[in-house]
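# Architecture and fold: a report
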Amino acid sequence: MKIQRVALAALLLGVSAVAVRADVMAPTTPPDAPKFDAQGTPVFVNRSDIYEYKALPAYNEPEWVKAFETAGKLPPLAERLPKEPLVYKTANEPDGTGVYGDVMRHVIGGRPEGWNFWAGQSYGWGGIDIGLVECLTRTGPLFEVNSSDLQPMPNLAKAWEWSEDGKTLTVHLIEGAKWSDGAPFTTADTEFYYNDVVMDKDVTPLMGASEATYANGVYKNVDDYTFTLTFDTAFPESVLYNFAYGNFCPGPSHILKPQHPKYGGKDYQSFHDAFPSDYMNFPVMGGWVVVEHRPDDVVVLRRNPYYWKVDEAGNQLPYLDEMQYRLSTWGDRDVQAVAGTGDFSNLEQAENYVESLKKAADPASPAKLAFGPRTIGYSLFPNLSGNGWGEPTADQQAIRDLNRNLDFRKAISYGLDRQRLGDSLVKGPFTAIYPGGLYDGTSYYDKASTVYYPFDTASAKAELEAAGLKDSDGNGFVNVAGGGDLNVTLLTQSDYATDKNLAEGVVAMMGDIGVKVTLNALTGKDFDNARDSGKFDWIIIRNGTELITVVQNTANLAPTGPTTSNHHKGNGKGELDLLPYEQDLVDTVNKFIASRDPAERSDLMKHYQNVYTTNLDGIGLTAYPGALIINKRFSNIPAGAPIFMYNWAEDNIIRERVFVAKDKQISAELHPNTLPGAPGDKGGPISAN
Ligand code: BQZ
């Protein structure tokens, strides 16, 4: 009976019966996710409905800022704005033209290491970096853009065009915009980013942008506001998505360059360390500037008087004068947001759902909570390197050799009760069984292409045997060939209860099939460093945007370059020893990047999904919706803003347009009526007089 079931299922799946062994349960397609409707639906528009670039007849600024001009501490506003500022259209502002004043009080679990984002320093996440570094294009708000107009939004790059043959991209920067210290923003900044950060093998920017991120384009300046990238392949349009946050977000070259070893800096470590977290007023293109950092307490930002965006009434943005980032934990962010002592949270740890929902349901709650689409998910990734990435010991290499064996990866999947994993976080319609790969409910997902090796202990044990693993000493754990117990180290991030809970569930379930797994839970940068240097056998990672949107960070969908995959990077010589299916994934992703034919791209992603899930490149665990929690006093929060899609909600809600009506403003600014001081000045924010 079982064999018949196997054969029938295999035929249904188009998998030849011979490929499915009689001793294991046939792979199938995943069960449909429990119905869960996102609250709130975006108002879909075209990108041009959100903003444009144009000169306005007159501009305005907060009254208290004018005093700085009177005191000779700031040039007149007209000289601080570009020729044609970015103008947000009133019709797209959910609550219309805003008013100045007030603060947004974030709570975050990370900590700023320093301000050299371009040398890989983290600002502590939670929206600090999103609000400080602005990028050539912007994709966060694309959640509300019509699919017929779905292309990255202009930002610091106001326009671009492709050559006839599609091999040269010409990019036009906004003209006359200035850094927050008044220095001009020009192609000197984009050139430094590309040639001396991305292309310098000794410099790794925070999100790891490399040549592969930009389809190996060759950079060339044309003039102060125009540059070109020239490619071997035609129309690699995905680079425009990789011009957005996390990647092409240029730094102030007038500040960075002198510290770079190529331009007189001492060495690369000194370049990395040149702007420690107590360096204040680091020049930005973002709406707010860091003016105070009290370690383990708070980071305070004050409005950037040179910000290059306005509303249609000519009001220089942002409306909010201050941003605070209280340095706490990610779990505390949820608690403080529903309590009203904090203003914002991405409710992404499912363990906090019930409590948060209960509190937010009270009409007197200071915060509103709205669930979005199921775009938060986790996968277990085996380290697939076989040629020395992360300098493995012989034992670690033996585990990697097992990881490279599909039978072993199938054993893991058959050994996981994904329903129980999801229920261990939160019961109810939130979590869904997630086999891995592209997410159900997203534009490129195709269920029929998705292969799912379901929970079945017997099949798991059969696959372990097929991988050559037997419990030869009868202690309940399989042994490595001729040796002791196989003991896999599972790397997980300890900053999140969810990551740890899932990891503990995996350890228990692997124990049930006879695989010993030891947890290695690291916090923040230690986790990132272990991940990026390949110091793990298995790793649990909350998935990135590429498995949700496909078009954002597309190159990260496979080891398209030596540093693009989280679980298979090149060895010390940058050599990648791809398995045949990985090569197939790489070829498919590269074809997708090079294609401009929607039907072809859709077919390529079906193939990608089938190869990825058949071969368990990543072993999915669970997926669930996130919820945006935001204090009720804020206006201009777009309906249906997801906490995570093309980017996080800190980008998606367009914070520079968010305001608080005068009668709802609270006196919570820590440095009212002040502006950022000079770069590096430790004297804190400055007053007009
Ligand atoms: C959101 C986000 C904004 C990074 C980070 C953090 C890092 C990862 C990831 C999320 C935090 C919040 O996520 O959890 O809700 O506010 O900051 O950047 O997990 O450790 O490296 O990829 O974005």
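Structural data are supplied above this passage.
Below, the discussion takes up the sheet that holds strand S8 (residues 218-223). The strand order S6-S7-S9-S8 describes an open sheet built from four strands, whose pairing is antiparallel. Two strands close off the open sheet at either side, each with one partner strand: strand S6 (157-162) and S8. Within the sheet, the average angular offset between the axes of one strand and its neighbour, ignoring direction, is 20°. Two strands pair when backbone bridges link them, and S8 and strand S9 (residues 226-230) are joined in this way by five bridges, in the antiparallel orientation. Each residue of the ladder has a partner; that of Asn221, found in S9, is Phe227. Sheet contacts for helix H6 (residues 187-198): strand S7 (168-173), S8 and S9; angle to S8, the most-contacted strand, approximately 170°.

Attention now goes to the packing of helix H19 (residues 580-594) against helix H20 (residues 598-615). Closest axis-to-axis distance for the H19/H20 pair is 9 Å, and the angle between their directions is 160°. By the angle class used here, H19 and H20 are roughly antiparallel. Considering how the two elements wind past one another, H19 and H20 form a crossing that is left-handed. Residue-level inspection shows Tyr581, Asp584, Leu585, Thr588, Val589, Lys591 and Phe592 of H19 in contact with H20, the latter providing Arg601, Leu604, Met605, His607, Tyr608, Val611, Tyr612 and Asn615.

What follows is about the site of the ligand. By nearness alone, 13 residues border the ligand, and Arg333, Glu348, Tyr496, Arg542 and Glu650 come closest of all. One nitrogen or oxygen atom from the side chain of Trp648 is found 3.1 Å from an oxygen atom belonging to the ligand. If the ligand stood free it would expose 460 Å²; the protein chains cover 87% of that surface. Taken together, the residues of the shell around the ligand break down into four nonpolar, four polar and five charged.

Per the stated rule, a full pass over the model turns up 41 aromatic pairs. Each ring, one from Tyr51 and one from Tyr53, has its centre 6.3 Å from the other, and the planes form 90°; the classification is edge-to-face. Pair check on accessibility: Tyr51 and Tyr53 agree, each one buried. With 5.7 Å between their ring centres and 40° between their planes, Tyr608 and Tyr612 make a pair best called tilted. Of this pair, Tyr608 and Tyr612 both sit in helix H20, separated by four residues, roughly a single helical turn. By relative accessible area, which is 0% here, Tyr608 ends up buried. Classification of Tyr612 as buried rests on a relative accessible area of 2%. Among the aromatic residues, ring-to-ring pairing joins Trp115, Phe117, Trp118, Tyr123, Phe275, Tyr279 and Phe282 into one connected group. When the ring centre of Trp308 is taken as reference, the NZ or CZ atom of Lys309 above it lies at 4.8 Å.

Bringing the environment of Gln493 into the picture now. For Gln493, the location among the structural elements is in strand S18 (residues 487-493). Separated by 217 residues in sequence, Gln493 and Pro276 have C-alpha atoms that sit 24 Å apart. The residues touching Gln493, leaving out its near neighbours within four places in the chain, are Asp499, Lys500, Leu522, Gly524 and Phe527. Reaching out from Gln493, the side chain makes a polar contact with the side chain of Asp495 at a distance of 3.2 Å.

Moving on: the environment of Leu380. Following the sequence through the fold, Leu380 ends up in strand S16 (residues 376-382). Take Leu380: its relative accessible area is 0%, and that puts it in the buried class. Through-space distance from the C-alpha of Leu380 to that of Ala678 is 46 Å; in sequence the pair is 298 residues apart. In contact with Leu380, other than residues within four places in its own chain, are Leu490, Val506, Trp538, Ile539, Ile540, Gly618, Ile619 and Leu621.

A few words now on the sheet that holds strand S20 (residues 538-542). Here six strands make up an open sheet; going across it, the order is S17-S21-S16-S20-S18-S19 and the pairing mixed. Looking along the sheet, the strands with just one partner apiece sit at the ends: strand S17 (432-433) and strand S19 (516-522). By the bridge criterion, five bridges tie S16 to strand S21 (residues 619-624) in an arrangement that is antiparallel. Within S21, the position partnered with Ile376 by the bridge is Tyr624.

About the criteria used
Residues numbered from 1 in each chain as written. Predicted model: local features only at pLDDT ≥ 70, side-chain atom pairs only at ≥ 80, totals over all residues. Heavy atoms only, no water. Pairing = 2+ DSSP bridges. Helix = DSSP H or I, 4+ residues; strand = E, 2+ residues; numbered from the N terminus. Axes fitted to C-alpha atoms, helices over the stretch in contact; angles between N-to-C directions. Contact = heavy atoms within 4.5 Å. Parallel < 35°, antiparallel > 145°, perpendicular 65-115°, else oblique. Left-handed = near helix turned anticlockwise from the far one by under 90°. Near = heavy atom within 4 Å. Polar contact = N/O pair within 3.5 Å; in protein donor to acceptor, adjacent residues only side chain to side chain. Areas by Shrake-Rupley, 256 points an atom, 1.4 Å probe, with all protein chains shown as cover. Nonpolar A, V, L, I, M, F, W, Y, C, P; charged D, E, K, R; others polar. Phe/Tyr/Trp six-rings, centres within 6.5 Å; stacked < 30°, edge-to-face > 60°. Buried < 20%, exposed > 50% of the residue type's maximum accessible area, 1.4 Å probe, protein only. Lys NZ or Arg CZ within 6 Å of the ring centre and 35° of its normal.

Note that every value here comes from positions in space, so none of it alone points to a role or purpose.
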